[in-house]
Structure formats: structure tokens, C-alpha cells
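Chain residues, written in single-letter form:
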Amino acid sequence: MGASAATAFVPGQAFADEMLRLEGTSGPYYPPGLTGLRGSHVGSFEVAHQLAREGRREWGSVQEPDADAYDLVVVGGGVSGLSAAYFYRKEHPGARILILDNHDDFGGHAKRNEFQAGSQTLMTHGGSEILEGPEHYSDVAKGLFADLGIHPKRLGAAFDEDFYERNGLTAGIYFDRETFGVDRTLAYPLVDSLHYQGWIPVAESTLAHEEAVSEMPISDAARQEMLRLLTTQENSIPDLPVSDEDDYLNSISYRDFLSKHMNIQEPEIYAIFENLVSDWCVGIEAVPAIEAFYWGLPGIMATSRGGDEKRLSRWYGSGSEVSPTYHFPDGNASVARMLVRDMIPDVAPGDTIEDLVQAPFDYSKLDRADSDVRIRLQSTAVRVEHDGNAQSSSGVAVTYVRDGQANRVRARNCILACYNQIIPDLCPELPDAQREALSTMVKSPILYSNVALRNWQAWKNLGVGALLNPGSYHVVAHLEYPVDFGGQKYPRDPDEPIVVHMVRFPHRSNEGLTPSEQKRVGRLELFTTEYETIERNIRSQLAGSLSGGGFDPARDIEAITVNRWAHAY
């Protein structure tokens, strides 16, 4: 019995020791504070790739570090996995639960990034950033928020919607030298400003269409086409019945709409708009025209929707009304942290969502043998199967690899809350129909880069708070959301440090590839691009877009964290 107890304690103690070891700093191991390449960081994906890509099935001798079976093992420590554990524990108080995750931090895509800028701690999201439409959540999700003390209305009120107007910050567009021959930033929202107002209620631009287009570094012929695209209100598809228009616009790409119905011929126009439907993660040849309009790309006024405010409001919202933005200072990482603290109270002090924001988290408490709920990080599951005969077994065996060592734990129940396309490789007993269905899904790769700046004077001087960058490495760049919550205050003074959020959606346009193929090619790019290459692109892009406001990357960039998500949307 003594030997069994000692053996059961080893993995928790080993994990605690690892969390406390120094990583070249003077403090304990704390993943949110790490800079450089994060997200799908080195060490988090290699075992999974061996399993799914190379077909590896043998992992050497298998240890069984935990003597007793768990009531539940959850594979995947993202918000869904943490929630699954929470709900099970709610139904079965005192249940012993183990959560396995391949990353060195919990939360899945809901990750926190922290920076030290002088005496200030800056925080932001490293992936999942807002609560989108919480008023439309299911009763189950609303009930979870109520249990945890998460009140979206209170969070929405913490967002300073007047920040951009008060500081004269509109949405802008940056033309880079390599693509357009000159570095030029215009304080002009090329896409409809309501697109930004979905999350960022920017100030209205003082530039008229004609003035903005005249300053774009494109040919005269391209300027004429651009101005026509931005200003026309004549229905370009008059022969189509209004009742059939939505279906038609959903059946053609935005690129086809531009060429067939707007008679756009200049390549420069396509180069500008090619990648601006950002959240689709593919080029405009693979995005339905109606979806491009939803994201604010011009042309909707050249359809029957253009003269019908009620029809427009279905996509853009009603009039100038701005919907609340529900953003914690660290994005949805706060939801994950709240779940963890509820199940493992010793990990952090406090009991409200407000005191959670600045609460210190002790990662050494995540996997303790004396805790009913344990989170074991850096542990990649490689096999989940019935413990014995599938027809008569009352338990599950889960094999995972950690630090090169295969381990097996046993449980009465198991929930797979991991990246679901790997499940056919992970679970050999999966039915063929489910296996085939899972193989059809291809998620989009995304790069979320966060840059801590010494101040935001350059943005203020240029009059922009968000930029679209059609030819640049990161297609989107914007100042961190102005949110005061849980003692964390956003920088009101342009001389204060701030985080800039930049996004890249790797894909390959105009090569005849399907959306899934574009994303697979983008994922290959994501995994073969060195951090140094990404950093150089960040520095050169910010220098080119902000130099007119006095920005110097060598002087003004404090730190960079790049969050690489190979399987995001």
C-alpha cells in the first residue's frame, strides 16, 4: 500500500518540480509570461504529428504512474474540456478527474499573453478574444456563466466605446513598399466602417472617398475602378429577381462579383482586396460574395440590398448602433482560468471573475495527488480504448506521452475534447461512419502576434486605431481593446505602453486550390516558418505603416509573442 501511494504521488510532484524550475528568470514557471513562439509551441505537437501523420502506434514501455482509476479522464484542456470536467464534477461531487493536455498551459486557444513594460503588466489574448453574442448562448452555457459569476453585461460595460472617437482614431489601410512601391498609411476605412464596429467602434474618417482614392499608390485606371466600386449605387444585377438575389450572391465568389458585375479589370484592385475577408482564412476567389459584403467589402450598394436599410441591417446591424464588445483583458483566457480556479481552488486566490484577472496562478498546484481534479500539461494522448473487451468493459484505458515516456491511466469514463480530426487516430474503436465524417473537416491556420509597445503615440499621430494591410505579412493590426476590468486598466495616455494585436491567415490564393487545400498549404507554411522570420516581418511592417507617426521599431518595441495556431477556426 505504501509503495502504491508513493507511486501515485510521483507524477504530481514531478510536475510541481517542473513548474517551479527556472526558465532563465528569477521566478517560477509561468507560461502566460513567456514571449517568442507560443500557441502550438515547440514540444506541443510533435507526438500528435507522429501519431496522425506518420502512423506511429508503438511508444515503448508504458508506465502506469497513477495507482487508482479516475472517475473521468478528459483529453483536452481547452474551454470545452474544462467545462466537461466542471459539469461532470457538478453531477458527481467528489469525483476524481484527470485532464490531459499537450500544451504547457491550459485553455486551448483561450490563452493569455503577459508582458512587463517597466513597472506595468500588460495582458492580452493569445487566441480566442471575445464572447460573441452571449445573449444568444444556450441555456447550458448561460447556466455555466451564472455558476461562475461571469456577467456579460458587466463585461460589455467595461469596454470604453468612446475611446476611438475621443482620440480621433479611425480604421485605416496600409500600402506597403514591397507590394505597392511606397509605404503609405491612409486614415480611411477601405471596408465599410461598420465591419470594424462589430468589435471596434472606430471614429469616422475625415477623408472622402475621392480624396482617399486619389492618395492610393495605384494606377489612374485602378483609381477609377476603385472609386466606382466604392461609390456606385446602381444595381449591377438588375435582371435577377430580388427573391433570388441572396442565393445567387451565395453561389458566386466575391472575385466573380467584382469581375462579372462590377467590371473590375485592374490587377491592383484584386491585389488590395485579395485577403481582406480575413476570418474566412482564404482568398476572395473562395469566399461567397454575400459573405464578403457581411465583412464589409464594398459592392453591396450595387445590389438590391443597397437601397434597403432593413435588408442591410440583417448583416451590418441597425443603423449606427454598436453592439457591445465582450472582452476580458486577456480575452477568453479568463473563462478558462475561472473554470480551473473553481475546480482547483488552491491554484489562485479569490472567488470572483473580477479578482481573477490579476490573481497570481500557481501552476505547481495543477497536478497534485491530493486534489480531486488534476490537470496534467505537456501530455499528449495517443490511444484511448476500452479497458478490456469493448462489449463488457466498464472502464477506459488512456495512453499519453510526456517527456518521451508513454504512460497509461485508467478511468470509468473518458471524454475526448481535443482537436477532433485526430480522434480517428487516437481511438481505434471509433465507428467507420464517424471516422469518415471527422476526416472531412479541415480547420484554418492562424497566427496571432502580440507586440508590446513603449507607447501608442504613432497611432495617435496618424489618427488610426486599426489597420488593414493588404500586401503585408499580417493582414490586420489594431490597438488592444480599451477595457477596464478586474483592476486592469487600459492605457489612456498615448505615452503609456500598449499591446498591438496582429493577425495573419496563412493560405494560398489563385492557384485553383479548394478552401481545404489552401488551409493545408497554409498550415505547412505555419510550421516551417522560423520565429526570426515572423519577427522581421513584424518589425518591418510596423516601421512601414507607423513611421509617418514617428514610430521607430528599435526604440518602441518592448517584446513580441507569436501565437501559432495550426488548427484554429
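The shown structure was predicted, so the numbers you read here are calculated from the model rather than taken from an experiment.

A. Quick look at the overall build of the protein. Regarding its fold elements, the protein presents 23 helices and 18 strands. Relative to the globule expectation of 25 Å for 569 residues, the C-alpha radius of gyration of the protein, 25 Å, shows essentially globular dimensions. Put simply, the protein has 569 residues, and 54% of those count as buried. Look at the contacts in the protein between residues 6 or more apart in sequence, and 71% of them connect residues 24 or more apart. Surface accessibility of the protein: about 23,900 Å² in total, with carbon and sulfur atoms responsible for 48%. Between the mean site of the 50 positive side-chain charges and the mean site of the 81 negative ones, the protein shows a separation of 4 Å.

B. Local environment of the packing of aromatic side chains. Tallied over the entire structure, the rule returns 17 aromatic pairs. Measuring from ring centre to ring centre gives 5.5 Å for Phe163 and Trp456, while their planes differ by 55 degrees; the resulting arrangement is tilted. With Phe163 in helix 6 (residues 163–166) and Trp456 in the loop between strand 14 (446–453) and helix 20 (457–462), this residue pair connects regions lying 293 residues apart in the sequence. Phe163 gets classed as buried once you look at its relative accessible area, which sits at 2%. Taking the centre distance of 6.5 Å and the plane angle of 15 degrees together, the rings of Tyr254 and Phe257 count as stacked. A residue pair is termed a helical-turn pair when its members lie 3 or 4 positions apart in one helix, as Tyr254 and Phe257 do in helix 12 (residues 254–261) at three residues. Of the two residues, Tyr254 and Phe257, neither departs from the other in class, the shared state being buried.

C. Quick look at the state of the cysteines. Applying the stated rule across the entire model yields zero disulfides. Summary of cysteine pairing: Cys414 is not part of a disulfide, and the nearest cysteine sulfur, belonging to Cys427, is at 8.1 Å.

D. Spatial organisation of the pairing of strand 14. Taking burial as the measure, the eight residues of strand 14 include eight buried ones, the bulk of the element. Both faces of strand 14 are covered, namely the face carrying Ile446, Tyr448, Asn450 and Ala452 and the face carrying Leu447, Ser449, Val451 and Leu453. Bridging between strand 14 and strand 18 (residues 557–565) involves eight bridges; their strand directions are antiparallel. Looking at strand 18, one finds that Ala452 is bridged to Ala559. Sheet analysis places strand 14 next to strand 17 (residues 498–504), joined by seven bridges and oriented antiparallel. Within strand 17, the residue paired with Asn450 across the bridge is His501.

E. Local environment of the environment of His386. Along the chain, the position of His386 falls in strand 10 (residues 380–386). C-alpha of His386 to C-alpha of Ala397: the two residues are 11 residues apart in sequence and 6.0 Å apart in space. Not counting chain neighbours up to four residues away, the residues in contact with His386 comprise Ser393, Gly395, Val396, Ala397 and Glu429. Among the polar contacts made by the side chain of His386, one reaches the side chain of Glu429 at a distance of 2.4 Å.

F. Looking closely at helix 3 (residues 79–91). With 13 residues, helix 3 should cover 18 Å at 1.5 Å per step; its first-to-last C-alpha distance of 18 Å lies within 8% of that length. Inspection of helix 3 places Gly81, Leu82, Ser83, Ala84, Ala85, Tyr86 and Tyr88 among the buried residues, and these make up the whole buried set. Among the structural elements, strand 3 (72–75), strand 4 (97–100), helix 4 (139–148), helix 16 (333–343), strand 9 (373–376) and strand 13 (414–416) are those in contact with the buried residues of helix 3.

G. Representation of the nonpolar core. In terms of nonpolar packing, the biggest core is built from 79 residues, with Leu82, Ile99, Phe106, Leu366 and Trp459 touching the most fellow members. Among the elements that take part in this core, helix 16 stands out by supplying six residues, more than any other. Excluding residues within four positions of it along the chain, Phe106 makes contact with Gly77, Leu82, Lys111, Ala336, Arg337, Val340, Phe361, Tyr363, Leu366 and Leu377. Counting residues in each nonpolar core, the second largest holds 52 residues, with Phe175, Val213, Leu276 and Phe505 among its members.

H. Up close: the packing of helix 3 against helix 4. Between helix 3 and helix 4, the least distance of the axes is 12 Å, while the angle of their chain directions is 75 degrees. Judged on the interaxial angle alone, helix 4 and helix 3 are roughly perpendicular. Note on element contacts: helix 4 touches helix 3 through Val140, Leu144, Asp147 and Leu148, opposite Ser83, Tyr86, Phe87 and Lys90. Counted by class, the contact of helix 3 with helix 4 contains five nonpolar, one polar and two charged residues.

I. Summary view of the sheet that holds strand 7 (residues 170–175). Taking strand neighbours across the sheet as the criterion, the eight strands line up as 1-18-14-17-16-15-7-8 in an open arrangement whose pairing is mixed. For this open sheet the edge positions go to strand 1 (36–39) and strand 8 (184–186), each flanked by a neighbour on one side alone. Strand-to-strand twist in this sheet, taken as the mean axis angle between neighbours without regard to direction, amounts to 25 degrees. Strands in contact with helix 21 (residues 515–528) are strand 14, strand 17 and strand 18; relative to strand 18, the strand with the most contacts, it is inclined by about 135 degrees. The strands touched by helix 22 (residues 531–546) are strand 1, strand 7, strand 8, strand 14, strand 15 (464–468), strand 17 and strand 18; relative to strand 18, the strand with the most contacts, the crossing angle is about 125 degrees.

J. How the structure looks around the side chain of Arg341. Inspection of the secondary structure assignment puts Arg341 in helix 16. What makes Arg341 buried here is its relative accessible area of 4%. Engagement of the side chain of Arg341 in a polar contact is seen with the backbone oxygen of Gly350, the distance being 3.5 Å. Only 2.8 Å separates the side chain of Arg341 from the side chain of Asp355, close enough to count as a polar contact. In contact with Arg341, other than residues within four places in its own chain, are Val347, Ala348, Pro349, Gly350, Asp351, Thr352, Ile353, Asp355, Leu356, Ala359 and Phe361.

K. Highlighting the confidence of the model for the protein. On average, the protein scores 90 in pLDDT, and the residues at 70 or more come to 91%. Per-residue pLDDT stays below 50 along residues 1–25; that stretch engages in 39 contacts with residues further than four places along the chain or on separate chains. Note that pLDDT drops below 50 for residues 309–320; the model gives that stretch 25 contacts with residues more than four away or on any other chain.

So, how was this worked out
Residues numbered from 1 in each chain as written. Predicted model: local features only at pLDDT ≥ 70, side-chain atom pairs only at ≥ 80, totals over all residues. Heavy atoms only, no water. Helix = DSSP H or I, 4+ residues; strand = E, 2+ residues; numbered from the N terminus. Rg over C-alpha atoms; globule rule 2.2 N^0.38 Å. Buried < 20%, exposed > 50% of the residue type's maximum accessible area, 1.4 Å probe, protein only. Contact = heavy atoms within 4.5 Å. Areas by Shrake-Rupley, 256 points an atom, 1.4 Å probe, with all protein chains shown as cover. Lys, Arg positive; Asp, Glu negative; His and termini not counted. Charge placed at Lys NZ, Arg CZ, Asp CG, Glu CD. Phe/Tyr/Trp six-rings, centres within 6.5 Å; stacked < 30°, edge-to-face > 60°. Disulfide = S-S within 2.5 Å. Pairing = 2+ DSSP bridges. Polar contact = N/O pair within 3.5 Å; in protein donor to acceptor, adjacent residues only side chain to side chain. Expected span 1.5 Å × (residues − 1). Core = buried A, V, L, I, M, F, W, Y, C linked by side-chain atoms within 4.5 Å. Axes fitted to C-alpha atoms, helices over the stretch in contact; angles between N-to-C directions. Parallel < 35°, antiparallel > 145°, perpendicular 65-115°, else oblique. Nonpolar A, V, L, I, M, F, W, Y, C, P; charged D, E, K, R; others polar. pLDDT = per-residue confidence, 0-100.

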